[in-house]
Amino acid sequence: MVTMRDVAALAGVSITTVSHVINETRPVAGDTRERVQKAIDETGYTGDAIARSLVMGGTKSLGLAVSLVSHPYFAELIAAIESEATRNGYSLVLIDTRDTPESEQAAVKKLRSRRVDGLLLTPSAGAGSLVLPELKKLGIPTVLVDRLTVANDIDQVGPENVQATSGLVTHLAELGHRRIGIVCGKAGVATTEERILGYRLGLGRAGLKWDEALVSQSGWLAPLLDQDDPATAVVAADHLVTVGMLHEARARGLKLGTDLAVVAYDEVEWATLIEPPLTTLAQPVEEIGRTAVKLLLSRIADPVRAAETIRLAPSLMHRQSCGC
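Bear in mind the structure is a predicted one, so any value in this text is a computation, not a measurement.

A. View of the packing of aromatic side chains. Enumeration according to the criterion identifies two aromatic pairs in this entry. Here the aromatic rings of Tyr 73 and Phe 74 are separated by 5.1 Å at their centres, their planes lie at 35°, and the arrangement is tilted. Per residue, the accessibility class of Tyr 73 equals that of Phe 74, and both read buried. Lying across the ring of Trp 210, Arg 200 places its NZ or CZ 4.1 Å from the centre.

B. How the structure looks around the sheet that holds strand S12 (residues 315–317). Here we have six strands laid out as an open sheet, ordered S7-S6-S8-S9-S10-S12, and mixed in their pairing. In the strand order of this sheet, the two ends are held by strand S7 (215–216) and S12, each with one partner. Relative to strand S6 (residues 180–183), helix H9 (residues 190–205) is tilted by about 175°, and along the sheet it contacts S6, S7 and strand S9 (261–265). Each of S6, strand S8 (233–236) and S9 touches helix H11 (residues 239–251); the most contacted strand, S8, lies at about 145° to it.

C. Local environment of unusual backbone geometry. Cis geometry is adopted by the peptide bond preceding Pro 276, which originates at Glu 275 and carries an omega value of -5°. In this structure, Pro 276 sits in the loop between S9 and strand S10 (279–282). A positive phi is found at Asp 99, a non-glycine position, where the angle reads about 60°. Turning to its location among the elements, Asp 99 is positioned in the loop between strand S2 (91–96) and helix H6 (101–113). Unlike most non-glycine residues, Asp 146 shows phi in positive territory, near 75°. Examined against the element boundaries, Asp 146 turns out to sit in the loop between strand S4 (142–145) and strand S5 (155–159).

D. Focus on the environment of Thr 280. Along the chain, Thr 280 turns up in strand S10. Separated by 13 residues in sequence, Thr 280 and Glu 267 have C-alpha atoms that sit 5.4 Å apart. If we ignore the near neighbours within four places in the chain, the residues touching Thr 280 are Ala 264, Asp 266, Glu 267, Ala 271, Ser 315, Leu 316, Met 317 and Arg 319. Reaching out from Thr 280, the side chain makes a polar contact with the side chain of Glu 267 at a distance of 2.5 Å. A polar contact of 3.5 Å, which involves the side chain of Thr 280, links it to the side chain of Arg 319.

E. Highlighting the pattern of salt bridges. Under the definition given, this model contains 14 salt bridges. The salt bridge involving Arg 299 is made with Asp 155; its shortest N-O contact spans 2.8 Å. Here the residue Arg 299 occupies a position in helix H12 (residues 285–301), and Asp 155 occupies one in strand S5, the gap between them amounting to 144 residues. Classification of Arg 299 by relative accessible area gives buried; the value is 10%. For Asp 155, a relative accessible area of 1% translates into the label buried. Between Asp 211 and Arg 179 there is a salt bridge whose closest N-O contact spans 2.9 Å. Linking Asp 211 in the loop between H9 and S7 with Arg 179 in the loop between helix H8 (162–174) and S6, this pair joins segments that are 32 residues apart in sequence. With a relative accessible area of 25%, Asp 211 lands in the partly exposed category. Through salt bridges with shared partners, a single network forms among Asp 155, Arg 299, Arg 305 and Glu 308.

How each quantity is defined
- Residues numbered from 1 in each chain as written.
- Predicted model: local features only at pLDDT ≥ 70, side-chain atom pairs only at ≥ 80, totals over all residues.
- Heavy atoms only, no water.
- Phe/Tyr/Trp six-rings, centres within 6.5 Å; stacked < 30°, edge-to-face > 60°.
- Buried < 20%, exposed > 50% of the residue type's maximum accessible area, 1.4 Å probe, protein only.
- Lys NZ or Arg CZ within 6 Å of the ring centre and 35° of its normal.
- Pairing = 2+ DSSP bridges.
- Helix = DSSP H or I, 4+ residues; strand = E, 2+ residues; numbered from the N terminus.
- Contact = heavy atoms within 4.5 Å.
- Axes fitted to C-alpha atoms, helices over the stretch in contact; angles between N-to-C directions.
- Polar contact = N/O pair within 3.5 Å; in protein donor to acceptor, adjacent residues only side chain to side chain.
- Salt bridge = Lys/Arg side-chain N within 4 Å of Asp/Glu carboxyl O.

Structure representation (structure tokens):
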């Protein structure tokens, strides 16, 4: 294993000088810095991150615990988080939570063992009883991302779900629909519960009654259509649900916007490629990711500042699948 001593010998400088160049703890003359950097490149020296963390008081790394399979949009979110972390001189350690409380707890422990300076977490359903109390007790700088809680003692950033979903429902009602359904994904997830709440709020604003038969938390469209008085319009609560709904509508020979009005929470890259184009709510994913990192770095710098909850509104991408 190449050591700092090897780099110093090749560059013809002291070990202390090499340390100052690597850790930027003291100014070093330009030609000396160049010799040290050349020696580092030639030897392939990578340093000892653990030892450096003991000296510097941090690893300059952030942990991200997120489900890598539960939602395609998380890939875009991860990219935004990594970009902002890198821009601020931090590396990102990513661990899959598999969207279960048990795996999530194990993922957080792994990140803690890596001595990350702070943690970004997209909590699973049930995370409140396992992971969050532990993180708060240990005082680990933490920011919840995408799926938020009602707590006011932890930093969190995600999309605005209630008013946005309510707006989709009222739009469909303004088009004359009276049997408006919603198809949701995994029960117990914060975003699912908030979008159902927004759906219910939209019904109330439109003067329509809540009907539990028009709510499918199975992710399937069929239960809303196989009724004596079926839904004529449907809100898809997320990306994966939208895909399943479109498959079901095609299998039944239903034309979007004519036989069945469809609006979806989450923009999809192929929204304008289907006929008719899909009306969606586009989340500000990149802004959510950047804001999450900024919140975490702010928490690391000032552990006692007041916690913040930031909700970022999605943008309506108005197309023709709603019947307009």
